[in-house]
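Next come the chains, spelled out residue by residue.
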Amino acid sequence: MMPDLQQVGEGQTQQWAPNTTVPVVLLENVSKTYGKIHALSEITLALSGGVTGILGSNGAGKSTLFNLLMGKLKPSSGTVKLFGTDPWKNPAPYARIGFVPEHEKMHDWMTAHGFVSLFARLNGLTREEAKTEADRVLNFVGLTDVAHKQLGRYSKGMRQRVKIAHALVNDPELIVLDEPLQGCDPLARTTIMNVIRELGKMGRTVLVSSHILHEIERITEQIVILHNGRLLALGNLHAIREKMDNIPHTISIGCENPKELAKDIINNDAVYGISFPSGNNLQIQTHNLNEVHRELPALIVNNGHKVSSIDNPDDDLESILKYLTGGLAR
Amino acid sequence: MSDDEEILPQSLPQPMTIEPQPQPLAQPQPQPMASVPQAPILPIPQQVQKVESVETRMATAETPVTGQARMDTAWGSSEGDEDISQMASISQTDTGEIFKQNYEPWRGELNPRWMRNWAILRHHILGIFKKGHRPWGVPTRIFLVLVFFASLSDAALTLLSSLIGDSEFHSYWGVNRDNLYGHVLGFFPRNVMYYPIVAALLVGGVISEDRLHGTSALYFSRPINRFDYVGMKYASVAFIQAIIIIFTLFLYYLTEIMVFGRGWAWIVDTFPIFLGALMGGVLLIITYTSIGLALSSVSKGKFFPGIGLLAIILGTKTLAIIVKNLFDREILYLLSPYDCLAHVGQTLVNTQPTYDQYSWTWSLASLIVMNAIALYVLSSRVSSMEVTRE
Amino acid sequence: MMSPPKKDNVFRALDRKLGAVAEFTMRQYRTKLSTWVILGVGFIAIFIVVLFYVDSMQQEIEAIDNDGDSMDWDGDGYPTGQERIYGTDPDNPESHPGTFSPPIAPDPPEKWINEDDFDWDLSARGDTTVGYDDDGDCRLADSTQSQKDNNRNNVECDIILDYDEMRGEWSEPNSDRLVDEDPDEEKYAKEAIHRAFLLAIGKMGFVFLLGIFLPLFLATGLIREEMDNSTMHFMLAKPIARRDIFLGRIVGYLGIVWPYVIAMGLIVGLISGFAGPSDGFFRFADLGMWMAIIFATMLATLVYGMLFCALGTLWKHGIVLALPFAAWELGMAILSFNAPSASILRFSVIGWSLNIIDAASLVVWPNMNLFINMGLWGGGHGDGGWWGNSLEGADALSAFASDTGLGISPIATIVVSTFVLLFQALILWLIGSAIFKGKEIE
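The rules behind the values
- Residues numbered from 1 in each chain as written.
- Chains lettered and ligands numbered in written order.
- Predicted model: local features only at pLDDT ≥ 70, side-chain atom pairs only at ≥ 80, totals over all residues.
- Heavy atoms only, no water.
- Patch = residues over 30% accessible without salt bridge, like charges linked within 9 Å, V, L, I, M, F, W, Y side chains within 5 Å.
- Areas by Shrake-Rupley, 256 points an atom, 1.4 Å probe, with all protein chains shown as cover.
- Salt bridge = Lys/Arg side-chain N within 4 Å of Asp/Glu carboxyl O.
- Helix = DSSP H or I, 4+ residues; strand = E, 2+ residues; numbered from the N terminus.
- Contact = heavy atoms within 4.5 Å.
- Buried area = accessible area lost by both parts, 1.4 Å probe.
- Pairing = 2+ DSSP bridges.
- Polar contact = N/O pair within 3.5 Å; in protein donor to acceptor, adjacent residues only side chain to side chain.
- Nonpolar A, V, L, I, M, F, W, Y, C, P; charged D, E, K, R; others polar.
- Axes fitted to C-alpha atoms, helices over the stretch in contact; angles between N-to-C directions.

To continue, consider a nonpolar patch on the surface. On the surface, a cluster of nonpolar side chains totalling about 560 Å² of accessible area is made up of Phe239, Ile243, Phe247, Phe250, Leu254 and Met258 of chain B. As for its placement among the helices and strands, Phe247 of chain B is situated in helix α13 (residues 226-260).

What follows concerns the interface of chain A and chain C. Opposite the 45 residues of chain A that make contact, chain C presents 39 residues. Of the roughly 4,000 Å² buried at the junction of chain A and chain C (both faces included), carbon and sulfur atoms supply 58%. A per-residue breakdown of the area chain A buries against chain C is headed by Lys72, Trp109 and Leu122 of chain A, which together make up 18% of the total. At the boundary of chain A and chain C, one finds three salt bridges. For the salt bridge of Arg121 of chain A with Glu23 of chain C, the shortest nitrogen-to-oxygen distance reads 3.2 Å.

With that out of the way, let us pick up the sheet that holds strand β5 (residues 174-175) of chain C. Residue and element names in this part refer to chain C. The strand order β1-β2-β5 describes an open sheet built from three strands, whose pairing is antiparallel. Each having just a single partner strand, β1 (128-130) and β5 make up the two edges of the open sheet. Pairing of β1 with strand β2 (residues 159-161), which is carried by three bridges, proceeds in the antiparallel orientation. Counterpart to Thr128 in the pairing with β2 is Leu161.

Moving on, we come to the interface of chain C and chain B. Counting from both sides, the interface comprises 25 residues of chain C and, opposite them, 19 residues of chain B. Here chain C meets chain B over a buried area of about 2,000 Å², counting both sides, of which 89% is carbon and sulfur. Broken down residue by residue, the surface that chain C buries against chain B is led by Val49, Phe52 and Phe217 of chain C, which jointly contribute 26%. For the pair chain C and chain B, the interface holds one salt bridge. In this structure, Asp55 of chain C and Arg329 of chain B form a salt bridge, with 2.6 Å as the shortest nitrogen-oxygen distance. At the boundary of chain C and chain B, one finds one residue pair in polar contact (both at pLDDT 80 or more). Elements supplying a minimum of two residues to the side of chain C that touches chain B: α2 (33-58), α5 (185-218), α10 (318-338) and α13 (394-400) of chain C. Here the residues of the side of chain C that touches chain B sort into 20 nonpolar, three polar and two charged.

It is worth spelling out the sheet that holds strand β3 (residues 50-55) of chain A at this point. Residue and element names in this part refer to chain A. Spatially, the six strands line up as an open sheet ordered β5-β6-β7-β3-β8-β9, and their pairing is mixed. With partners counted over all chains shown, the strands left at the sheet margins are β5 (97-100) and β9 (230-236), one partner each. Neighbour to neighbour, the strand axes of the sheet diverge by 15° on average, direction disregarded. Bridge count between β3 and strand β7 (residues 205-210): six bridges; the pairing is parallel. Within β7, the residue paired with Thr52 across the bridge is Leu207. Docked against the sheet, helix α5 (residues 186-201) engages β3, β6 (174-178) and β7, running at close to 150° with respect to β7.

What follows is the structure, given as structure tokens:
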């Protein structure tokens, strides 16, 4: 048995092949402690395919989790496996992985093209291949016209895009992005979100972390919620919301005559509360969203109500997070 | 496990409004819950309060929200509530407004300049031994303490000589011309191992860390002169060195006086020598600090200035020694700060000069030139430091 | 999915990745001001010493009449030396060769200064006799055989040299009277100072100052700075082992430092070759010496580079650890001047590098020891006794020259030292990468 400080692999991808029978990302009972501080406690996670959002407030352990995944930290207990290989011991899996770190310090004297092609070469490509790939990937993120300017002159959003480009240069199957939308202007934000969605659609496994909740919502519905180093919830956003039966759901209906509609809907057993926040708005409090939504269309059509919008205002991450973390998040 | 949830199809109706919400403000649609039975689990009561305070006191388009109002709101006037609603009211209007921002200068009394400077000085000096001030590194502090005690070695040996009662021992270690000179400017071990390294450790991050982390912005966005900024840093580094070099010299002198019961006659005799050594020490401190701070203002690293200072002091000395041994020419000593200081110090204390090929005035001139260059570099770098991180 | 490149093997893959890291490192150095400052300062420091050297090579060294035979004590117009040869009385103004028939013209005094230079075979090994009385004040003197053979070896007018096998050095020359007693100061001094300069600048200037300070400033931050700036995150997320990143950074550092060292060595070598004393216009023999100096400095920068990079990786304040190490190496350097065979020298890096230079000096200038002894003996005249009248340059040379202390032939010394230094570099690489591998990087 090799001691942990010895790395087994040389990072040469020819001799390493991914284990296709296990999930791409596998954490088993992983904990990381710094003395008395538990950065992560007993995280068990398996991810394969699609975009997954890792959510948590600052200090929840997102960056620690990513550092563990990328072999920068060693777990105090438990195992981390990427494509079936422990990244702390063997850097070979990184041939199939692209990592976009959170900080934005890059070498200001390099050009974007030089930066991306350097890391392409570190993946094992030749100079010419690296150049081609760099062009391709910079085109993908929309930086072709400024590719030969120095990174020091780039705006924050452009730097984010360069980081994403360099992570994509080896056509990875797993892409890990640590707070990719942080500090980006709206244009860059849209571009990056589109990119992430594209990657998810192409069948890659994408991990995105953020503490900005509505952005994650717009990218994906698969989420992992971390809080104080612990796993709070995992899975489809709406399914999680479903499971939280104790707090009421609200359905907000914009209609011409809310009082009439209220009369019709109040008879439903699932509805326990009605309110009229304004002259043309009806709010329904219910414990069973599905039930009400099943009945609602028929009610509206049959009684001829004129409805302009139907909304579930708290079927979102914010309320989930608030509920799960006892409102201490934010 | 929660694997099931991952593959669950999207059976729930999607919320219809996926587009960005039209309100540009922090508050989403106000949710007056007053008429609804309170949800059983809203853990923070403040939320309820907050909701209640957003009463429908909507201003109309005729009372536009001004920058003044925002400022007052932000910086706390007692009428906070209504102004929040004023901000919230923007969402109801269809028109846009452009607001004049009126910034009022602070009309308070500024404390005198010396107080501000004293604050900077204090921050740097107290940081050696107190938390909450400039954090000098632990190795630095340990080394300073060690050197302080090492510099007291001659005072300790004087004390020892009186305890032993050995006059030969005392004549070797007691206060005399050569020993006073040696305390400040002796080459081994003080000026090889102690004082240059002390200077190197102190000047290491003094200005370069401000450049690296951008904390110079904290200074320059306040009513602090650049001259004061660098002056106080200079003074703090010099002061710490002075404690180690000059204060210990003073203690040495004092030990001799007290332990051997020296009278006024002796003091009158030896005081000029003591003053000479003191001035030599002051020159040493000034030179090392100037060169060190100039290096610190040029670099962004924490160690490069210190190592650079050591390289200059010891490297020029080594070069000069090599040339002297090879070619018997002492002229290169003029490039070595230590040798110039030693030469001038020897003249001040009036000991036997060890540099016999040229007069001490050359060394003094060289010292002045070195200091001038260092101070010029320092002042030009500091005056061009940006308020933001460079 | 990217297909593996064709015809790839271990070396080409490593080369691509290592090469990328090395190339990146070299480009990074180019953009940093500190690199140029350090290289520039090294250049200036070496060149100040070179200027002094060139100046002293142009200087005239005063010719001293060691044996006083150019003086005319009796005022008869004939130098003492001439009078001695012709058997006239140097103290009697009436007695001089002008009274002979035909009368002999008086020699100019300059003819009797530096007239009896060393005639020694410097490639001699073992006990030997050397020396020839050029001015004839021993050979042609009117004295008995025993007066001409003070050293009692039955050879008149010679010098006995004893080689002590045990201590590996030549003993004091045992000379018959008035043999090689008035050597040419300038010739000896120029040669001695030239050799001393080469040794001093090679050992102290190149190996010590350049060899330690270049890595100290350039190599310590190789890994540490990247870790502190968080830019190492990018490199670590690639399929390259940390050991190879370490090596790649060092290779990049060498790509800057080695050409610099070679260039400096060539330039100074050319200058010293032209300015030094020689029979032709250039001292070709010295090139071997310069090759050794350059080679030793290259190895020293390699080993120190690995060491300081490892120290920097180990601890954030690694450069503070480097300083006592540099002090240790200075002590070892000084020790190697005085006691080259001390075994503690084997525990330093600089001891082995200096060995290479010393061994080369023995190859290029055979029997340096004898040469130094020659100068220290200085003709054997003067008030200070045997050793008090050494020629100029002999002291300097004896300070900077030393034996290899390994007890084997010079070529073998060079080979052994090279292997030891490469081995040290390898060990330090492994240690450094082990430290790097175990580092958790936030």
